[in-house]
Structures are given as C-alpha cells and as structure tokens.
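Tertiary structure, described
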Amino acid sequence: MPPDSTRLLERLADTLESRRGADPSRSYVAKLLAGGDDRILKKVGEEATETVIAAMQGDRAKLVAETADLWFHTLVMLVHHELRPEDVLAELARREGLSGIDEKASRPA
Ligand SMILES: N=c1c2ncn([C@@H]3O[C@H](COP(=O)(O)OP(=O)(O)OP(=O)(O)O)[C@@H](O)[C@H]3O)c2ncn1[C@@H]1O[C@H](COP(=O)(O)O)[C@@H](O)[C@H]1O
C-alpha cells in the first residue's frame, strides 16, 4: 500500500478528475478545468511567483502555504493533461540516487 502522502495525492487527483464538467459556480476546480490551459497555466505561473517571493522574504509559514497552492495548481494542470501525480512520483523514483551532475554529464553532446 502506498504511503499516506502518496494516497493523499491520489485522492486529491481523484477529486480533481471528478470536477470535470461540474458546475463552475460551485467548484473552483471545475472553473479552472473549464478555462483550460489559459486559466490553469496562468494560475501555475502566479503561484510559482508567489512561492518565490515568500522564499525570498524568508516567511516560512507563507512559503508552506504558497507551495501548497503551487502543488495544487500543478495537480490541476496534470489532470487537465490526463496525467496523474503517480506519473511524477514514478519519475522522481526513477531519478532517486542519480546525481544531477552525473545525469547532466551523461547527456549526449
Ligand atoms: N487544495 C485545494 C486548494 N488550494 C487552493 N485552492 C484555491 O485556489 C484559489 C487560488 O488562490 P488565490 O488566492 O490565487 O485566489 P484568487 O485570487 O481568488 O483566484 P482567481 O479566482 O483569481 O483565480 C483559492 O480560491 C483557493 O481556495 C484550492 N481549492 C481546492 N483545493 C482542493 O480541491 C478540492 C476540490 O475543490 P472544489 O472543486 O472547489 O470543490 C477541495 O476539496 C480541496 O481538496
């Protein structure tokens, strides 16, 4: 059974998928999905900027909150593109223990 944090991401993705075609006046996620990439990617960019600002300010509580907003909006982006958090977790697992320096050096010139 996957760890609790993985199950939380899977449950959240299930909820996001369930909002496809739902009433945008009752669901923020339905509103994002109805707006497609234009709306979703704008929010991802905004939340990324707000996260960077929180880090630069050294505001730890705000950094956690903004990172949660960023993760949430990137999950909506993945679902919109018919991807799942499990896909990203599998990629991170594949990279586990592989040094970024070594990986870059092994790329074809
Ligand atoms: N995790 C979240 C989550 N995190 C942040 N947000 C919303 O993301 C929005 C963006 O924050 P901002 O401060 O940028 O808000 P804003 O400026 O009003 O945004 P805009 O309308 O201008 O785009 C806020 O409305 C937050 O409430 C979230 N909305 C939903 N979820 C999850 O998604 C589920 C489904 O949500 P609904 O589809 O709305 O029921 C919920 O049960 C939660 O689990």
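- An unreviewed UniProt entry lists the chain under the name Phosphoribosyl-ATP pyrophosphatase, with Lautropia dentalis as the source organism.
- In its Catalytic activity (unreviewed entry) section, UniProt records this for the chain: "1-(5-phospho-beta-D-ribosyl)-ATP + H2O = 1-(5-phospho-beta-D-ribosyl)-5'-AMP + diphosphate + H(+)".
- Per UniProt, the chain has the following entry under Sequence similarities (unreviewed entry): "Belongs to the PRA-PH family."

1. Brief notes about the side chain of His 73
- Assignment of secondary structure puts His 73 in helix α3 (residues 60-80).
- Residues in contact with His 73, not counting those within four places in the same chain, are Tyr 28, Leu 32, Ile 40, Lys 43, Val 44 and Glu 47.

2. Details of the environment of Gly 45
- Note that Gly 45 resides in helix α2 (residues 28-57).
- In this structure Gly 45 comes out as partly exposed when scored by relative accessible area, which is 34%.
- With 41 residues separating them along the chain, Gly 45 and Asp 4 place their C-alpha atoms 28 Å apart.

3. What about the site of the ligand?
- Around the ligand sit 13 residues, and of these Arg 19, Ser 27, Tyr 28, Lys 43 and Phe 72 come closest.
- The contact in question runs from an oxygen atom of the ligand to an N or O atom on the side chain of Arg 19, over 3.0 Å.
- Within the side chain of Ser 27, a nitrogen or oxygen atom sits 2.4 Å from an oxygen atom of the ligand.
- Computed on the free molecule, the ligand has an accessible area of 850 Å², of which 51% lies beneath the protein chains in the complex.

The rules behind the values
Residues numbered from 1 in each chain as written. Predicted model: local features only at pLDDT ≥ 70, side-chain atom pairs only at ≥ 80, totals over all residues. Heavy atoms only, no water. UniProt positions renumbered as here; feature names shortened; annotations may be inferred. Helix = DSSP H or I, 4+ residues; strand = E, 2+ residues; numbered from the N terminus. Contact = heavy atoms within 4.5 Å. Buried < 20%, exposed > 50% of the residue type's maximum accessible area, 1.4 Å probe, protein only. Near = heavy atom within 4 Å. Polar contact = N/O pair within 3.5 Å; in protein donor to acceptor, adjacent residues only side chain to side chain. Areas by Shrake-Rupley, 256 points an atom, 1.4 Å probe, with all protein chains shown as cover.

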